[in-house]
Amino acid sequence: MLIDWTFEHKINRTCLIHGYCLFFDAIFEGSDTTVILHTGPEHPTTHWYETKMMFEEPIGVNRTQVLPGRLIMKANQEQCFDCNLRVNVPAIGVDRNMVYDMKDPEYRGIYQY
């Protein structure tokens, strides 16, 4: 399985971006019923949780700048994902390409290329 998502965020205030937090829904479709487990902050807690993809160093952005990026998640043999998050701020020459091993409990420490 491969998830390839391109995004573009328009910054609405000057700030530091420390990373991204991802939420997902797990949908279990049975013959009679469908159960959905949500990981978003507006839903009750499950045994799953949000995914945090932190940068080694924060990215400083200004209001009205555009932050384009791409997230690639590839399923691996450990029934998990290897992830690559690339973001850049062309106006200031910042380009980050981060790799995350989601099976590694310390993946929040990340590796930068």
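Refer to the preceding data block for the structure.
Parameters and conventions
Residues numbered from 1 in each chain as written. Predicted model: local features only at pLDDT ≥ 70, side-chain atom pairs only at ≥ 80, totals over all residues. Heavy atoms only, no water. Pairing = 2+ DSSP bridges. Helix = DSSP H or I, 4+ residues; strand = E, 2+ residues; numbered from the N terminus. Polar contact = N/O pair within 3.5 Å; in protein donor to acceptor, adjacent residues only side chain to side chain. Core = buried A, V, L, I, M, F, W, Y, C linked by side-chain atoms within 4.5 Å. Buried < 20%, exposed > 50% of the residue type's maximum accessible area, 1.4 Å probe, protein only. Contact = heavy atoms within 4.5 Å.

Some points on the pairing of strand S6 (residues 66-75)
- Bridge count for strand S1 (residues 2-10) against S6 is nine bridges, and the pairing is antiparallel. Bridging from a neighbouring strand, tryptophan 5 pairs with leucine 71 of S6.
- As defined by bridge partners, S6 adjoins strand S7 (residues 81-89) across seven bridges and the pair is classed as antiparallel. In the strand pairing of S7, alanine 75 is matched with phenylalanine 81.
- Counted between consecutive antiparallel strands, the loop separating S6 from S7 contains five residues, among which glutamine 79 sits at a positive phi close to 60°.

Side note on the environment of threonine 6
- Looking at the secondary structure, you find threonine 6 in strand S1.
- The sequence separation of threonine 6 and proline 68 amounts to 62 residues, and the corresponding C-alpha distance is 7.7 Å.

Observations concerning the pairing of S7
- Bridge count between S7 and strand S8 (residues 94-101): eight bridges; the pairing is antiparallel. The partner of arginine 86 across the bridge, within S8, is asparagine 97.

Digging into the side chain of asparagine 76
- Mapped onto the elements, asparagine 76 comes out in the loop between S6 and S7.
- In this structure the side chain of asparagine 76 is engaged in a polar contact, spanning 2.9 Å, whose partner is the backbone nitrogen of glutamate 78.

Observations concerning the nonpolar core
- Core analysis: the largest hydrophobic core is formed by 21 residues, its most contacted members being Met53, Phe55, Leu85, Val87 and Tyr100.
- Mapped by element, the contributors of at least two residues to this core are strand S2 (15-22), strand S5 (51-61), S6, S7 and S8.
- Apart from the residues within four sequence positions on either side, valine 87 is in contact with Phe7, Tyr20, Phe55, Ile59, Leu67, Pro68, Gly69, Val94, Asp95 and Arg96.

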